[in-house]
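Here is how the chains run, residue by residue.
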Amino acid sequence: MKMNKKFLALIILSLAMILPFACSKNFLETTNTFQSTPDATFQKSSDVVSLINSIYDTYQNSDLLKKSLWYYANFQTHDWFNWGGDVQWNQYQISPTFGQLPSLWNNAYIGIVRANTAFGIITTAEAKGIVTPALANRLRGEAYFLRGMTYYYLAGTFGGVPLEVDTSGLINTGLKPRTTQDSVFMQIVSDMQQAETLLDSKTTLPVSELGRATKGAAYGFEGSAQMWLKNYAAALVAYNNPELTNNYHLLPNFIDVHEYDHQNNDESLFEVQFNAGGGSQSWDGSWNPPGGEIAWIDAFSWPEEITGQGYDYGNPGLWLSYQAGDLRKYATIVGPGDSLISPGIIAKWGGIKGYPVVYTSFAAGNVHYIGDDGNVINTAGALNNPWYGQDGLRTGYFCSKKWRDPHLTGSNADQNGKSNIFGDQNQILLRYAEVLLSRAECKIRTGDIAGGMADLKLVRDRAWGGSSPAVMQDGANFDGSPAAPITDPLQMVYSEYRHELTGEFSLFYDLRRAGAQDAADFINTTYGTQTNLLPIPNPAPGPTHDGQVHGLYNAALTLSHEILPIPQSAIGLNPNLSQNPGY
């Protein structure tokens, strides 16, 4: 049954008016104001702030963050694969009817409508004295930032999309045709530049408002948007702004960047806030939008042997690729024989051996929980018995970047008999290391090779805990053969994007940003990809080189599939939308 277009617009508008009443780690209660008018609803300063919080709330959504942004940023690289209902990612066979596409498209446009609605309400509230001019400006800046950031992920994922930027509330019909990708990124630049003039600096943002967008975050996203437009000189202006260079720094130790007790740290420009106090461990509870204060984003990356889930897992080729001495390796990916190095997990559980499912299964004689030394296992699978999952269809390698929340146990119970699938660890969308690597790319593309190498060295030195090797090369190729030194400056940047940012929310976006075919060429070369859509045995010597198939794919990525198809459901509602070529 087709939905009436005007009815759809009414639904979207009503969704735009569901308002959570907090920020920082506390986007908590929501109030449904569907049958209220703006004049009746926005009578206090806190009401207007809540409208802006509702835009942030767009991202408190596991389906959007994990199954849309994280999957695209990572599964497209083949560093990580899906187990479960979304294995099309592993073959680059996402279709226009794929169920997760509307999650990004619909939620993004709901957030955009909320942002567009906010501008007029803020202006009216300021005129009535409900909000001060200073607060009104900050709230406008947040609306510009969040709208621009949302278009960033839409255009990065789909290419050109419809631009809905009218703030009068009169002509957001949902029936506009697509604009070009460049037009969208030009709008993102405009939104971020507006935000830069209105937002608080990190240095002046009150502690009580921690988690809100700042000037530095706006400069970071502007710089990236300029890079999509190939305006590298303009990107350098944004990246060199003192709001970034003076107020954000690399943490001394890479392991700390994603630690649970280092959220909102000095390296993070912007992260989506979650709060365990706002939700319960229930599938029909508060992980659902609006107001998803907790999330299953992290637990789903852990081995099935720990959580009973294991919906994503790693490529052994990524594990092999880390250069000797790179401290990022085990902080990013672990496999058979590897212990977790997260200080938080070690402090809480003593490592893997401390999870109740591990020591009780060991006591029961389950061979999967016996370590190579004969004792209770304290590694992500044993060398002589990797963790492939019950069906044997995972590679035995897992994302330790997402294995940091000491409160999580997945579907299996903790020491108190309670399972903890949903956590409240924030999700970092942009951090200073990515800014430095992006700045390095800009410098190289504008002829400052030495400057680009200096920025790369800042990130690499931290990765080695001191001084990084003068020669950059992977530890080994995907098949275990020796890797050659990397000498091309841009390939050095791409390699550093991969080794610094894989398992986060940026990698494939940054590779695709580099230019048409650059992402596909880099990934196909990295993994020796073929046209075969079926999983293959691991070609590299090691504990999982057993000649059997364990969920390792090496399908080739084509240029047309660097972007995803427009959801068929969106095209069905908007006859002015066209599909991406190749779909």
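Up top is the structure.
In this text, all values refer to a predicted model and were calculated from it rather than measured experimentally. (Residues numbered from 1 in each chain as written. Predicted model: local features only at pLDDT ≥ 70, side-chain atom pairs only at ≥ 80, totals over all residues. Heavy atoms only, no water.)

(A) How the structure looks around the overall build of the protein chain. When its secondary structure is counted, the protein chain shows 22 helices and 12 strands. Across the 583 residues that make up the protein chain, the buried fraction comes to 60%. By sequence separation, contacts in the protein chain at least 24 residues apart represent 70% of the contacts at least 6 residues apart. Total accessible area on the protein chain is roughly 20700 Å²; 57% of this is exposed by carbon and sulfur atoms. (Helix = DSSP H or I, 4+ residues; strand = E, 2+ residues; numbered from the N terminus. Buried < 20%, exposed > 50% of the residue type's maximum accessible area, 1.4 Å probe, protein only. Contact = heavy atoms within 4.5 Å. Areas by Shrake-Rupley, 256 points an atom, 1.4 Å probe, with all protein chains shown as cover.)

(B) Representation of helix 7 (residues 133–158). With 26 residues, helix 7 should cover 38 Å at 1.5 Å per step; its first-to-last C-alpha distance of 37 Å lies within 8% of that length. Of the residues trailing helix 7, Gly159 is marked for its positive phi of about 85°. (Expected span 1.5 Å × (residues − 1).)

(C) Broad picture of the packing of aromatic side chains. Scanning the model with the defined rule gives 33 aromatic pairs in all. With a centroid separation of 6.1 Å and an interplanar angle of 85°, the aromatic rings of Tyr71 and Trp89 are classed as edge-to-face. On the criterion of sequence distance, the pair formed by Tyr71 in helix 4 (residues 62–75) and Trp89 in helix 5 (residues 88–91) is long-range, its members being 18 residues apart. Residue classification places Trp89 among the buried residues on the basis of a relative accessible area of 2%. Centre to centre, the rings of Tyr72 and Phe508 are 5.2 Å apart; their planes meet at 90°, and the pair counts as edge-to-face. One end of the pair, Tyr72, is in helix 4; the other, Phe508, is in helix 20 (residues 507–513), and 436 residues separate them in sequence. Tyr72 sits in the buried class, given a relative accessible area of 0%. In this structure an aromatic cluster arises from ring pairing among Tyr56, Tyr72, Phe145, Tyr152, Tyr153, Phe185, Phe221, Trp228, Phe270, Phe508 and Tyr509. (Phe/Tyr/Trp six-rings, centres within 6.5 Å; stacked < 30°, edge-to-face > 60°.)

(D) Summary view of empty space enclosed by the protein. Here the structure, examined in full by the defined rule, presents 11 cavities of 30 Å³ or more. The space that makes up the largest cavity amounts to roughly 180 Å³. If you go around the largest cavity, you meet 19 residues; those closest to its centre are His258, Lys402, Gln425, Asn426 and Ile428. Counted by class, the lining of the largest cavity contains 3 nonpolar, 9 polar and 7 charged residues. Tyr152, Ser224, Leu430, Glu434 and Ser506 are the residues nearest the centre of the second largest cavity, which is lined by 16 residues in total. The set of elements that each furnish at least two residues to the lining of the second largest cavity consists of helix 7, helix 9 (215–228), strand 10 (427–431), helix 17 (432–445) and helix 20. Taken together, the residues of the lining of the second largest cavity sort by class into 9 nonpolar, 4 polar and 3 charged. (1 Å grid on protein atoms, 1.4 Å probe; cavity = no way out; pocket = protein on both sides within 12 Å on 5 of 7 lines; lining within 4 Å. Points joined across faces, edges and corners; volume = space filled by probe spheres on them. Nonpolar A, V, L, I, M, F, W, Y, C, P; charged D, E, K, R; others polar.)

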